[in-house]
Amino acid sequence: MLIALVGVVILLFASARAIAGFYVETLWFQSVGHSDVFWDTLKAKVLLAVTFTVGFAALMYASLSIAERLAPLVRSEGPEEQVLQRYRELVGHRQGLVWVTTSLLFGLIAGVPASAHWQEWMLFRNATNFGQRDPQFNTDVGFYVFRLPFLTYLVSWLFAAFVVVTLLTAVAHYLNGGIRLQPGGRRVTSQVKLHLSGLAAMIAMLKAADYWLQRYELTTSQRGFVDGATFTDVKAQLPALKLLLLISLLAAVLLIVNVWQRGWRLPVIAVGLWAIVASVAGTAYPAFVQRFQVEPSESTREEPYITRNIEATRKAMGLDQVNVVKMSVGTVDAKVASDSAPALADARLLDPAIVGPTYQLKALRAGYRIGDLDVDRYTIDGRTQQVVLAARELDMANTPLKTWEGRHLAYTHGYGLAFAPASHVGSEGRPSFVEVSSPDNALKIRQPELYFGDGLADYAVVGSTRQGGEESLDPARPAYTGQGGVTLSSKVRRLAFAIEFGEYNLFGSRLVTDTSQIIYHRDVRDRVSKIAPFLRYDSNPYPVALGDRIYWVLDAYTATSRFPYSERADTRQLSGRSGLRDSFNYVRNSVKAVVDAYDGSVKLYVIDDADPIVAAWSSAFPRLFSPKKDIPVGLAEHFRYPEDLFRVQTNVYARYQLQDAQDFYTQQLGWSVAQQVASEQTPAVSPSQPTTATAAATDSTRATDSNAQRFDPYYTLFHAPDAIDAKPTFVLFRPFVPFSINDQRKELQAFMTASSDPGSYGQLTAYVLSQPLPDGPVTVASRISQRFSADLTLLDQRGSKIRFGDLQIVPTKGGGLLYIRPWFSEGEGNPVPVLQSVSVTYGQRSERGPSLSSAMAALFPGFTVDLGDRDGEVIVPDQPSSDPGVDTTGTPEELLTEAEVLFNEAQAAKAAFDSKTYQQKIERAYELVRRAATVATGQDVTVTGEPSGSGDSPTSTVPTTPTPVSTAPPTTASA
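Residues numbered from 1 in each chain as written. Predicted model: local features only at pLDDT ≥ 70, side-chain atom pairs only at ≥ 80, totals over all residues. Heavy atoms only, no water.

In contact at an axis separation of 11 Å, helix H12 (residues 303-316) and helix H21 (residues 643-656) are set at 150° when each is read in the N-to-C sense. The pairing of H12 with H21 is recorded here as roughly antiparallel in orientation. Helix-helix and strand crossings are classified by hand; for H12 and H21 the assignment is left-handed. Residues Asn 309, Ile 310, Thr 313 and Arg 314 of H12 form the contact with H21, whose own contacting residues are Val 652, Tyr 653 and Tyr 656. Split into classes, the residues belonging to the contact of H12 with H21 amount to 4 nonpolar, 2 polar and 1 charged. (Axes fitted to C-alpha atoms, helices over the stretch in contact; angles between N-to-C directions. Helix = DSSP H or I, 4+ residues; strand = E, 2+ residues; numbered from the N terminus. Parallel < 35°, antiparallel > 145°, perpendicular 65-115°, else oblique. Left-handed = near helix turned anticlockwise from the far one by under 90°. Contact = heavy atoms within 4.5 Å. Nonpolar A, V, L, I, M, F, W, Y, C, P; charged D, E, K, R; others polar.)

In structure tokens, the structure reads:
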């Protein structure tokens with residue numbers, strides 16, 4: 001009894017962590033109101049583990065028992081028999097116990113891992129139809145997605161199980177004397193032959209079932225020009241599988257017939273024939289067909305299968321309802337630009353990837369940090385505006401108190417949001433922050449505490465008796481009143497948590513009481529994925545201020561790699577955090593996960609009722625998901641189309657906008673996502689220079705994009721060219737260029753938007769440009785660097801660093817296109833970026849100014865609209881002229897004399913390191929030279945060259961000019 005007691009104590013001690021962990025998890029699921037998910041998942045795992053364990057054990061025990069009954073009564077004498085006799089004497093009457101133990105042991109080894117396939121089992125049980133059939137087998141797609149994965153696993157498991165049982169049964173027959181290895185005498189008895197032949201026949205029939213399922217697996221084959229069952233699969237591999245299926249059944253029959261035959265001639269013939277056909281028909285013949293029939297005339301052979309692939313891929317990737325708009329690129333002048341002021345006023349000046357250090361100033365004190373910056377839209381000053389916002393989250397690595405009390409009882413939460421309009425900055429170029437966490441703020445955030453966040457690890461104990469309570473930016477705030485944690489209401493619970501987290505203080509601290517709560521799983525992604533691990537999650541949760549508190553919104557996806565004929569998604573440039581980084585060929589953004597930042601409650605809203613996969617999971621967990629109608633008022637207005645999904649869809653659409661098989665094969669009319677534009681200050685690159693990136697590796701002969709980085713999608717308030725004055729749509733935006741293997745083509749071919757507005761959420765629109773194509777983002781970025789190279793050099797002379805924001809494409813009335821790019825300056829000793837200026841590019845011309853309004857006025861003389869994008873900025877209108885955009889006041893001599901004065905003043909400003917004055921003087925002088933050339937020739941002249949303070953002057957390029965215009969420095973004599 002003492003030994004037994006010690007053994008129990010040791011067992012409990014060794015398993016204490018596992019027991020405590022299980023208990024803690026049950027308490028957590030209970031606290032979030034989803035105990036049904038925990039128990040239903042556990043039931044599915046236990047059911048699979050028990051069923052497969054018992055099934056394997058029963059199969060093995062039955063076979064071993066049969067082997068025992070078939071043991072020969074008389075065994076041949078010899079050295080081999082003497083050794084085995086000692087084994088039988090050792091086992092004695094406990095042979096049955098040995099078989100039971102062996103069966104259970106192997107059953108556990110084979111059965112317990114089956115619990116990992118609980119998701120496949122749940123989908124199998126709750127399968128539904130897609131309402132779409134594959135073109136090869138005329139079977140509903142639901143069979144491939146829901147039933148085929150589990151059936152494939154089941155058949156493979158049974159095949160392996162019978163192989164193991166057959167081998168162990170042969171060992172049992174050897175131990176019983178039914179099989180002998182020594183020469184002379186009968187080596188295998190007829191009873192043993194019957195038994196093993198029956199098991200081998202079952203193996204053959206299971207292999208036949210496997211061949212039958214492999215036929216359906218061909219619909220996702222990657223052998224041909226596109227994914228799916230292509231010419232070789234249909235004409236060679238499929239007949240081979242049918243032949244192998246028949247041979248497997250024939251082998252099963254021959255193995256059974258062998259029971260009445262002497263020797264093993266028939267089984268050897270069956271297995272040999274099987275091996276020959278498998279190697280020839282299953283491998284060599286399809287390879288021969290691919291090489292000598294398909295490759296010489298691939299476009300013709302694969303044409304019908306390419307058509308299947310195009311249709312399936314567009315459907316599976318949600319690209320079958322793209323709205324295509326043909327667009328002619330129009331011209332822009334001062335009037336068009338003024339009429340397009342609503343679109344210009346919504347251009348985003350703050351770049352979330354750059355202004356993070358500026359937002360970090362709003363962390364206010366140690367222990368807090370500004371997390372990831374996100375773009376959303378809110379109503380400010382009576383109109384919808386883009387905002388850049390971030391949560392002020394708890395920074396566990398930099399809390400002032402490093403003790404257990406400080407880390408877990410004092411610093412427990414973040415506080416509020418850093419929030420600023422994206423299209424407006426202060427006079428110093430910094431964001432115009434709006435305080436949203438004070439009682440009198442416009443958004444009325446009454447519950448600013450953030451107990452749950454993006455990347456927030458570790459646990460917190462709230463409701464303790466610590467003197468002074470929790471540290472907060474507002475000490476007057478009341479204590480935590482939510483129910484986001486587990487109440488430590490008993491010694492058992494406290495002990496369990498102490499064991500789980502390896503911290504005695506959770507059990508022994510006097511500051512923790514029976515009313516205290518422990519909050520854990522505080523990272524948003526971790527919290528949601530524990531509740532619904534079968535969904536895939538976006539890499540970027542974002543905060544939303546709604547009502548009186550803050551919520552986290554996380555996009556969830558349903559995806560599969562089983563959709564027949566659909567192409568695998570290109571996920572090379574997704575973040576490592578993205579749940580879409582894995583392989584798939586079907587995806588839907590079916591669910592929005594919403595987490596209350598204060599109490600941690602989780603809601604999963606189904607926003608795509610047409611998705612069969614989310615319907616199956618809703619059937620499996622009926623209390624887990626909420627319908628679209630239950631979304632709180634105002635929350636859907638802040639849903640964003642997910643960036644990860646849009647990256648995938650635009651990558652696919654670049655090729656699959658072509659619906660003709662021959663056009664798709666040649667890709668001469670194909671697109672690529674535009675090349676990435678560098679944000680750092682870099683030397684100018686010739687627009688015609690090809691990208692130095694190698695083509696992506698591929699397992700087929702088709703041409704693919706290079707591995708160069710692609711243009712990052714960005715959120716913006718978009719005004720369609722034919723509806724500039726209408727209410728804008730909050731969209732994701734990404735441009736395309738013509739396809740070329742080495743990225744030689746850089747013209748703007750098209751751009752796509754994805755709507756995030758509630759009324760049109762998910763609507764994809766492709767704006768396709770007509771010839772001649774305008775310059776693309778890389779060319780424009782290069783032109784900006786060349787145009788302002790002297791300015792960049794000047795700004796960099798005193799240790800400042802220029803970083804470029806997003807290069808944004810803004811359509812105007814009539815289809816004109818403007819490129820807008822903010823410039824940010826960082827000081828050498830103070831790396832806090834501020835908006836230094838904004839550049840605007842139209843056609844071959846680029847101008848910049850301290851604000852978008854001033855840059856537009858410089859680019860389009862006569863543009864007098866104040867866009868209100870920078871405090872303290874005053875737009876001085878140009879003098880009216882008879883020709884729009886050309887000031888004909890004064891003679892060329894007078895204009896050049898004025899330009900000379902401005903050049904001298906610019907030189908003086910440069911010497912004094914006054915970059916702002918230098919910029920204004922040099923740009924005005926540059927414009928006067930252009931006007932002088934225009935007046936002299938009677939034509940609108942484009943002036944090329946770089947205005948710099950080194951004595952260089954711009955030159956003018958005058959098309960079809962009978963007399964040349966002097967390019968000498970603008971002095972009175974030369975004029």
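Turning our attention to the sheet that holds strand E10 (residues 486-487). If you trace the 3 strands from one edge of the open sheet to the other, you get E9-E11-E10, paired in antiparallel fashion. The open sheet has two edge strands with one neighbour each: strand E9 (460-462) and E10. Pairing of E9 with strand E11 (residues 517-519), which is carried by 3 bridges, proceeds in the antiparallel orientation. Paired with Val 461 across the bridge in E11 is Ile 518. (Pairing = 2+ DSSP bridges.)

In this model, the protein chain carries an average pLDDT of 85, and 87% of its residues clear a pLDDT of 70 or more. Scored below 50 in pLDDT, residues 876-888 shows 18 contacts in the model against residues more than four places distant or in partner chains. Throughout residues 945-975 the model reports pLDDT below 50, and contacts reaching past four residues in sequence, or to other chains, amount to 61 contacts. (pLDDT = per-residue confidence, 0-100.)

A few words on helix H5 (residues 95-111). Helix length check: H5, at 17 residues, gives a terminal C-alpha distance of 24 Å against a target of 24 Å (1.5 Å per residue), a fit within 8%. Listed as buried for H5 are Gln 95, Trp 99, Ser 103, Gly 107 and Gly 111. Around the axis of H5, the buried residues are gathered within 110° of arc, so they sit on the same side. For H5, the exposed residues set more than 90 degrees away from the buried face come down to Leu 97 and Ile 109. (Expected span 1.5 Å × (residues − 1). Buried < 20%, exposed > 50% of the residue type's maximum accessible area, 1.4 Å probe, protein only. Arc of directions from axis to C-beta.)

Another point: the packing of helix H6 (residues 118-125) against helix H20 (residues 612-620). H20 packs onto H6 with a crossing angle of 95° between their chain directions and a minimal axis gap of 9 Å. Taken together, the axes of H6 and H20 lie roughly perpendicular to each other. On the side of H6, the interface is formed by Gln 119, Met 122 and Leu 123, while H20 contributes Ala 616, Trp 617 and Ala 620. In terms of residue class, the contact of H6 with H20 is built from 5 nonpolar, 1 polar and no charged.

Glancing now at the environment of Ala 858. In this structure, Ala 858 sits in helix H25 (residues 852-859). Distance in space between the C-alpha atoms of Ala 858 and Arg 848 is 7.2 Å, their sequence separation being 10 residues. When sequence neighbours within four positions are dropped, the list of residues in contact with Ala 858 reads Arg 845, Glu 847 and Glu 927.

Below, the discussion takes up the environment of Gln 293. Checked against the element boundaries, Gln 293 lands in helix H10 (residues 265-294). On the basis of relative accessible area, Gln 293 is assigned to the partly exposed category, the value being 29%. Through-space distance from the C-alpha of Gln 293 to that of Thr 232 is 8.7 Å; in sequence the pair is 61 residues apart.

The next thing to look at is the environment of Leu 243. Secondary-structure assignment places Leu 243 in helix H9 (residues 231-257). The sequence separation of Leu 243 and Val 277 amounts to 34 residues, and the corresponding C-alpha distance is 8.0 Å. In this structure, Leu 243 is in contact with Val 277 and Ala 281, ignoring residues within four places of it in sequence.

Further remarks concern the layout of surface pockets. Approximately 780 Å³ is the volume found for the largest pocket. Among the secondary structure elements, those contributing two or more residues to the lining of the largest pocket are strand E3 (374-380), H21, strand E19 (714-718) and strand E23 (801-804). Broken down by element, the residue count for the lining of the largest pocket peaks at 3 residues, all from H21. In terms of residue class, the lining of the largest pocket is made up of 13 nonpolar, 7 polar and 15 charged. (1 Å grid on protein atoms, 1.4 Å probe; cavity = no way out; pocket = protein on both sides within 12 Å on 5 of 7 lines; lining within 4 Å. Points joined across faces, edges and corners; volume = space filled by probe spheres on them.)

Let's shift gears to the packing of aromatic side chains. Here the structure, examined in full by the defined rule, presents 56 aromatic pairs. Both rings, one in Phe 22 and one in Trp 39, keep their centres 6.2 Å apart while their planes meet at 75°; by these two values the pair is edge-to-face. On the criterion of sequence distance, the pair formed by Phe 22 in helix H2 (residues 16-31) and Trp 39 in helix H3 (residues 35-69) is long-range, its members being 17 residues apart. On the basis of relative accessibility, which here comes to 41%, the residue Phe 22 falls in the partly exposed class. Ring centres of Tyr 641 and Tyr 761 lie 5.8 Å apart, and the angle between their planes is 55°; this geometry places the pair in the tilted category. Residue Tyr 641 is found in the loop between strand E17 (625-626) and H21, and its partner Tyr 761 is found in the loop between strand E21 (750-755) and strand E22 (764-769); the two are separated by 120 residues along the sequence. The exposure class of Tyr 641 is buried, given its relative accessible area of 5%. Counting every residue linked through ring pairs, the aromatic cluster contains Phe 52, Phe 56, Trp 121, Phe 124, Phe 150, Tyr 153 and Trp 157. The residue whose ring lies beneath Lys 207 is Tyr 211, and the NZ or CZ to ring-centre distance is 5.2 Å. Note that Arg 848 overlies the ring of Trp 823, its terminal NZ or CZ placed 4.5 Å from the centroid. (Phe/Tyr/Trp six-rings, centres within 6.5 Å; stacked < 30°, edge-to-face > 60°. Lys NZ or Arg CZ within 6 Å of the ring centre and 35° of its normal.)

Turning to the pattern of salt bridges, a few remarks are in order. Throughout the structure, instances matching the rule amount to 31 salt bridges. Between Arg 17 and Glu 500 there is a salt bridge whose closest N-O contact spans 3.7 Å. Pair noted here: Arg 17 is in helix H2 and Glu 500 is in helix H17 (residues 491-501), with a separation of 483 residues, a long-range link. Using a relative accessible area of 23% as the deciding quantity, one classes Glu 500 as partly exposed. One salt-bridge network, held together by shared partners, links Asp 548, Arg 549, Asp 596 and Asp 599. (Salt bridge = Lys/Arg side-chain N within 4 Å of Asp/Glu carboxyl O.)

Before going further, it helps to spend a moment on a nonpolar patch on the surface. A contiguous nonpolar surface patch, about 500 Å² in accessible area, is contributed by Leu 2, Leu 5, Val 6, Val 9 and Ile 10. Following the sequence through the fold, Val 9 ends up in helix H1 (residues 2-14). (Patch = residues over 30% accessible without salt bridge, like charges linked within 9 Å, V, L, I, M, F, W, Y side chains within 5 Å. Areas by Shrake-Rupley, 256 points an atom, 1.4 Å probe, with all protein chains shown as cover.)

What follows deals with empty space enclosed by the protein. Across all of its chains, the model carries 4 cavities of 30 Å³ or more by this definition. Approximately 90 Å³ is the volume found for the second largest cavity. As for the second largest cavity, its lining consists of 13 residues, and the residues nearest its centre are Thr 716, Leu 717, Ile 809, Val 810 and Pro 811. Elements with a contribution of two residues or more to the lining of the second largest cavity: E19 and strand E24 (808-811). Residues that form the lining of the second largest cavity fall into these classes: 9 nonpolar, 3 polar and 1 charged.

This part is about the pairing of strand E20 (residues 729-738). Burial runs high along E20: 9 of the 10 residues are buried. In this structure, strand E18 (residues 671-673) lies alongside E20, joined through 3 bridges in antiparallel fashion. What sits directly across from Trp 671, in E20, is Pro 738. Examined bridge by bridge, E19 and E20 share 5 bridges and lie antiparallel to one another. Among the inter-strand pairings, Phe 718 is bridged to a residue of E20, identified as Thr 729. Judged from the 6 bridges that link them, E20 and E21 form a sheet pairing that is antiparallel. Bridge pairing links Leu 732 to Ala 754 in E21.

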